Amino acid sequence: MAYNEEGSIGTSLHGVTAREQVFSFSVDASSQILQSDDPTAKFTLPVDSEHRAKVFNPLSFAKPHMRAFHLGWISFFTCFISTFAAAPLVPIIRDNLDLTKTDVGNAGVASVSGAIFSRLAMGAVCDLLGARYGTAFSLMLTAPTVFSMSFVTGPVGYLAVRFMIGFCLATFVSCQYWTSVMFNGKIIGLVNGCAGGWGDMGGGVTQLLMPMAFHVIKLAGATPFMAWRIAFFIPGFLQVVVGILVLTLGQDLPDGNLSTLQKSGQVSKDKFSKVFWFAVKNYRTWILFVLYGFSMGIELTINNVISGYFFDRFNLKLQTAGIVAASFGMANFFARPLGGYASDLAARVFGMRGRLWILWIFQTVGALFCIWLGRASSLPIAILAMMLFSIGTQAACGALFGVAPFVSRRSLGLISGLTGAGGNFGSGLTQLIFFSTPRFSTADGLSLMGAMAVLCTVPVAFIHFPQWGSMFLRPSRDGERSKEEYYYGSEWTEDEKRQGLHEGSIKFAENSRSERSRKVALADFPTPETGTPTHV
Amino acid sequence: MAIHKIFFASLLICLLFQISHGATKERLFSDLEKGALEVTATPSREGVLDAGIDKLSITWKLSSTATKEAEFTTIKVKLCYAPVSQVDRPWRKTENELFKDKSCPHKIITRPYDKSPQSFEYTLERDIPTGTYFVRAYAVDAKGHEVAFGQSTDEAKSTKLFSVQAISGRHKSLDIASVCFSVFSVLALLVFFVNEKRKAKIEQSK
């Protein structure tokens, strides 16, 4: 009998009989096709009833879970390299294209704005076409825009190309979506944190990679004004290669690719309008939108401005400024997974309430250090403030995606998309207000941005789940509303429930009982009330 | 965590280098002797000059009003931005503290000081940005500190300026490579997509 090893409370014997639906969207029970008697046997890692892995082993490349993880974060990493490839080379580009400070600032805003729309679209694409194609579309359709830096001759072209390159940041959504369907809710904070964090590192790596590539190309004989254009071929080429790897090595869902599963009747297609409506109607989506705008948003802004800030204010050389700027992005390697892990740990004891508090703490502390960074007038203090700021903010990003998968089951992709779009929106907004005008010096801009972030983190106190409570309020005492099944079931109409379309959500609801605090979970023994046969 | 330690260590080392360079921080531009050298810069042709192609004919000689001539060891001739090219570009700002001043970043030539009038035929480098310029010559003493200067324009930096048009940095081979790679990327994606849809249809019909 394939019991959950941890003996988690509330796990019914779903998955044991092999007659339950085990895919992300369910169909009528009568049309399913029977596989082997124990479908969990073919996976390398232990899985739950939805065939999502319960264990995270970053050193493995096994199909399909760990492979999806690695392909996901590498795709995202490559896109970060491309999007911020221009930032460390701005001192050369601004001379070649005769840019003013306003031009540079506007291009920075443009570089993160495109992704607002593409991240929204990506949520829908993943729900409808699968994570693999979402990722591959993003990588391979934006590669031409990276190559087109060769053609740019002035500020308008520069802005247009940076805007178009920025579309590829939609891979964030496809990456998080992919890991969310491949990994169980108990470890999702850590997994999403690692995938997101290691991907975000691309923003740091690019600050080292591009100046180095530029230098080598110059040594090979090119003039500076041509060398930076050639350097852009590197991220472009990487995108194409990784895109091909994703298509050939990846798999949409634990049990196969989406189109195959859909055609063989094992997975039904959901309606986009419904998916969209339930994402937009849920107020928690919008609070996460704002929150992410002031954690990831300010992180993206910093990727664009920090190298120039250290170059200009402390008179560092281009390479030195690049090293400092890279440290900010590289902290993601451990900071974002730390946030996800802390979120998972807090959930073990305090449930969802713990996750929300961790999110608030990390984000506020990070923002306070951002204020300090702007005030620092000596280099060592500035670097210290920057590092502490990076850890706080990046951990907050990780912690937020420990909460996001629980906001909706039906509209998971679109919520990831909306939240991700919020990150870019926040970045565009902060760059526009604080870093594209002569009104504030960059230092003042940093402090004001930190202050705004502290204020915009307060809304996390208003996220309330009837079954789990919120930062300050207890869960609902109503017998029906306090069940996870009620919350996730409410995304389906009665009609759809009668057709059994909601079974995936019910399964998810059962697995999500882990989000109850330890006290509540021990006191309460849930009875399955979904109508699926229990094995007694 | 080891990576974190290495970063901090490398940052500290960089810091030490920066601090050790800071010994001469306080020297100001306003302390230098103005007009100690008479400098002229004559473009090779009328109109906007092309970087990498056109030349400047630069001459400098000791001015009759110079007083610190005994200290002159080297003459550094530089290309400087005119005020119109500094607008909304804080990275080209004129600062009084010499080490912070960024208005004269392009070196033309450095020569040991010679009493007789000097000249130099300068071909505009290919990394000179588009802008309006003048030429300034600094007289440097034996310790490497600037003591005097002369420039080809007046004190308000408004006369005898010349304009330069930078190279575009583009090249046909780059353009072609760019198009080829882009087409490959889109085609590869389409081929995969169509192929998989076909395979799925075949699966369904079985």
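Going by the structure above, here's the rest.
Residues numbered from 1 in each chain as written. Chains lettered and ligands numbered in written order. Predicted model: local features only at pLDDT ≥ 70, side-chain atom pairs only at ≥ 80, totals over all residues. Heavy atoms only, no water.

## As for the overall build of chain B
Working step 1: Assigned secondary structure in chain B consists of 2 helices and 9 strands.
Working step 2: Each helix and strand of chain B, placed in order from N terminus to C terminus, yields the pattern α-β-β-β-β-β-β-β-β-β-α.
Working step 3: Residues counted as buried form 39% of the 206 residues belonging to chain B.
Working step 4: In chain B, once contacts between residues fewer than 6 apart in sequence are set aside, the share between residues at least 24 apart is 73%.
Working step 5: Accessible area of chain B: about 11700 Å², with a carbon and sulfur share of 60%. (Helix = DSSP H or I, 4+ residues; strand = E, 2+ residues; numbered from the N terminus. Buried < 20%, exposed > 50% of the residue type's maximum accessible area, 1.4 Å probe, protein only. Contact = heavy atoms within 4.5 Å. Areas by Shrake-Rupley, 256 points an atom, 1.4 Å probe, with all protein chains shown as cover.)

## What about the interface of chain A and chain B?
Working step 1: Counting residues at the interface gives 50 residues for chain A and 49 residues for chain B.
Working step 2: Here chain A meets chain B over a buried area of about 4700 Å², counting both sides, of which 70% is carbon and sulfur.
Working step 3: Counting across the interface, chain A meets chain B through 3 salt bridges.
Working step 4: In this structure, the connection of chain A to chain B is made through 16 residue pairs in polar contact (both at pLDDT 80 or more).
Working step 5: Here the element with the most residues in the side of chain A that touches chain B is helix α4 (residues 131-147) of chain A; it accounts for 9 residues.
Working step 6: Across the side of chain A that touches chain B, the residue classes tally to 30 nonpolar, 12 polar and 8 charged. (Buried area = accessible area lost by both parts, 1.4 Å probe. Salt bridge = Lys/Arg side-chain N within 4 Å of Asp/Glu carboxyl O. Polar contact = N/O pair within 3.5 Å; in protein donor to acceptor, adjacent residues only side chain to side chain. Nonpolar A, V, L, I, M, F, W, Y, C, P; charged D, E, K, R; others polar.)

## Here we look at the pattern of salt bridges
For side chains bearing opposite charge, pairing can occur when the charged atoms are close.
Working step 1: Tallied over the full model, the rule gives 20 salt bridges over all chains.
Working step 2: Its salt-bridge partner being arginine 89 of chain B, residue aspartate 98 of chain A comes within 2.9 Å of it at the nearest N-O pair. A residue pair is termed interchain when its members come from two chains, as with aspartate 98 of chain A in the loop between α2 (90-96) and α3 (101-129) and arginine 89 of chain B in the loop between β4 (74-81) and β5 (106-112).
Working step 3: Judged by its relative accessible area of 8%, arginine 89 of chain B is buried.
Working step 4: A salt bridge links arginine 355 of chain A to glutamate 515 of chain A, with the shortest nitrogen-to-oxygen separation between them at 2.6 Å. Of this pair, arginine 355 of chain A sits in helix α16 (residues 352-375) while glutamate 515 of chain A sits in the loop between α22 (503-511) and α23 (518-523), and the two are 160 residues apart along the sequence. Considered together, arginine 355 of chain A and glutamate 515 of chain A belong to a single accessibility category, that of buried residues.
Working step 5: Within the structure, one salt-bridge network assembled from shared partners comprises Glu484, Glu485, Arg513 and Arg516 of chain A.

## Observations regarding α4 of chain A
Working step 1: Between its first and last C-alpha atoms α4 of chain A spans 25 Å; for 17 residues at 1.5 Å apiece the expected length is 24 Å, and the two agree.
Working step 2: In terms of burial, α4 of chain A is a largely internal element, 15 of the 17 residues being buried. (Expected span 1.5 Å × (residues − 1).)

## Quick word on the packing of helix α7 (residues 188-219) of chain A against helix α8 (residues 224-231) of chain A
All names here are of chain A.
Working step 1: Running from N to C, α7 and α8 point in directions that differ by 125 degrees, and their axes come no closer than 9 Å. Between α7 and α8, the crossing angle belongs to the class labelled oblique. For the element pair α7 and α8, the recorded crossing hand is right-handed. Listed contacts from α8 to Met210, Ala213, Phe214, Ile217 and Lys218 of α7 are Pro224, Ala227, Trp228, Ile230 and Ala231. (Axes fitted to C-alpha atoms, helices over the stretch in contact; angles between N-to-C directions. Parallel < 35°, antiparallel > 145°, perpendicular 65-115°, else oblique. Left-handed = near helix turned anticlockwise from the far one by under 90°.)

## Re the layout of surface pockets
Residue and element names in this part refer to chain A.
Working step 1: By volume, the second largest pocket amounts to about 920 Å³.
Working step 2: Listed by contribution, the elements that provide at least two residues to the lining of the second largest pocket are α2, α3, α5 (155-165), α13 (296-313), α18 (412-435) and α19 (442-456).
Working step 3: Of the residues contributing to the lining of the second largest pocket, the split by class is 17 nonpolar, 10 polar and 11 charged. (1 Å grid on protein atoms, 1.4 Å probe; cavity = no way out; pocket = protein on both sides within 12 Å on 5 of 7 lines; lining within 4 Å. Points joined across faces, edges and corners; volume = space filled by probe spheres on them.)

## Observations concerning the pairing of strand β9 (residues 162-165) of chain B
Residues and elements named next belong to chain B.
Working step 1: The side-chain alternation of β9 yields one buried face, formed by Phe162 and Val164, and one unburied face, formed by Ser163 and Gln165.
Working step 2: Across 3 bridges, strand β7 (residues 131-140) lies against β9 in antiparallel orientation. Counted as the bridge partner of glycine 131 is valine 164 from β9. (Pairing = 2+ DSSP bridges.)

## Section: the state of the cysteines
Working step 1: Summed over all chains, the structure comprises 1 disulfide over all chains.
Working step 2: One disulfide bridge connects cysteine 80 of chain B with cysteine 104 of chain B, the sulfur atoms lying 2.1 Å from each other. Its S-S torsion of about 105 degrees marks the bond between cysteine 80 of chain B and cysteine 104 of chain B as right-handed, since a negative value means left-handed. Linking cysteine 80 of chain B in strand β4 with cysteine 104 of chain B in the loop between β4 and β5, this pair joins segments that are 24 residues apart in sequence. The same class applies to cysteine 80 of chain B as to cysteine 104 of chain B, namely buried.
Working step 3: Not engaged in a disulfide, the cysteine cysteine 175 of chain A finds its nearest cysteine sulfur in cysteine 126 of chain A; these two sulfurs lie 9.9 Å apart.
Working step 4: Under the relative-accessibility criterion, cysteine 175 of chain A is labelled buried at 1%.
Working step 5: Cysteine cysteine 456 of chain A is unpaired, with the sulfur of cysteine 370 of chain A as its nearest cysteine sulfur at 13 Å. (Disulfide = S-S within 2.5 Å.)

## Here's the deal with the packing of aromatic side chains
Working step 1: In this structure the tally under the stated criterion is 41 aromatic pairs over all chains.
Working step 2: Between the aromatic rings of phenylalanine 328 of chain A and phenylalanine 389 of chain A, the centroid separation amounts to 5.6 Å while the plane-to-plane angle is 45 degrees, which identifies the pairing as tilted. Here phenylalanine 328 of chain A is found in helix α14 (residues 318-330), whereas its partner phenylalanine 389 of chain A is found in helix α17 (residues 379-403), with 61 residues between them in sequence. You'll find phenylalanine 328 of chain A and phenylalanine 389 of chain A in the same group, each marked buried.
Working step 3: Their ring planes at 55 degrees and their centres at 5.2 Å tell us that phenylalanine 465 of chain A and tryptophan 468 of chain A sit as a pair that is tilted. Exposure class is identical for phenylalanine 465 of chain A and tryptophan 468 of chain A. Each is buried.
Working step 4: The rings of Phe56, Phe69, Trp73, Phe77, Phe183, Trp198 and Phe333 of chain A are connected pair by pair, giving a single aromatic cluster.
Working step 5: One Lys or Arg, arginine 284 of chain A, reaches over the ring of phenylalanine 465 of chain A and ends 5.1 Å from the middle of that ring.
Working step 6: Taking the ring centre of phenylalanine 149 of chain B as reference, the NZ or CZ of arginine 136 of chain B above it sits at 5.1 Å. (Phe/Tyr/Trp six-rings, centres within 6.5 Å; stacked < 30°, edge-to-face > 60°. Lys NZ or Arg CZ within 6 Å of the ring centre and 35° of its normal.)

## Let's talk about helix α2 (residues 172-205) of chain B
Working step 1: The end-to-end C-alpha distance of α2 of chain B, which contains 34 residues, comes to 50 Å, matching closely the 50 Å that a straight helix rising 1.5 Å per residue would cover.
Working step 2: Considered for burial, the residues of α2 of chain B that qualify are Leu174, Asp175, Ser178, Ser182, Ser185, Ala188, Leu189, Glu196 and Ala200 of chain B.

## Observations concerning the side chain of arginine 94 of chain A
Working step 1: Structurally, the position occupied by arginine 94 of chain A is in helix α2.
Working step 2: An unpaired buried charge is present at arginine 94 of chain A: no salt bridge exists, and aspartate 312 of chain A, the closest side chain of opposite charge, is 4.3 Å distant.
Working step 3: Residues within four places of arginine 94 of chain A in sequence aside, it is in contact with Leu99, Val104, Phe311 and Asp312 of chain A together with Trp91 of chain B. (Lys, Arg positive; Asp, Glu negative; His and termini not counted.)

## Considering the sheet that holds strand β1 (residues 37-43) of chain B
Residue and element names in this part refer to chain B.
Working step 1: Pairing in this open sheet of 3 strands is antiparallel, and the strands run β1-β3-β6 from one edge to the other. Of all the strands in the sheet, just β1 and β6 (118-123) have a single pairing partner and so form its edges. Taken over all neighbouring pairs, the strand axes of this sheet differ in orientation by 15 degrees on average, direction set aside.
Working step 2: The pairing of β1 with strand β3 (residues 55-62) spans 7 bridges and is antiparallel. If you follow leucine 37 over to β3, its bridge partner there is leucine 62.

## Topic: the environment of alanine 321 of chain A
All names here are of chain A.
Working step 1: Along the polypeptide, alanine 321 turns up in helix α14.
Working step 2: C-alpha separation for the pair alanine 321 and glycine 308, spaced 13 residues apart in sequence, amounts to 7.4 Å.
Working step 3: Residues within four places of alanine 321 in sequence aside, it is in contact with Ser307, Phe310, Phe311 and Leu316.

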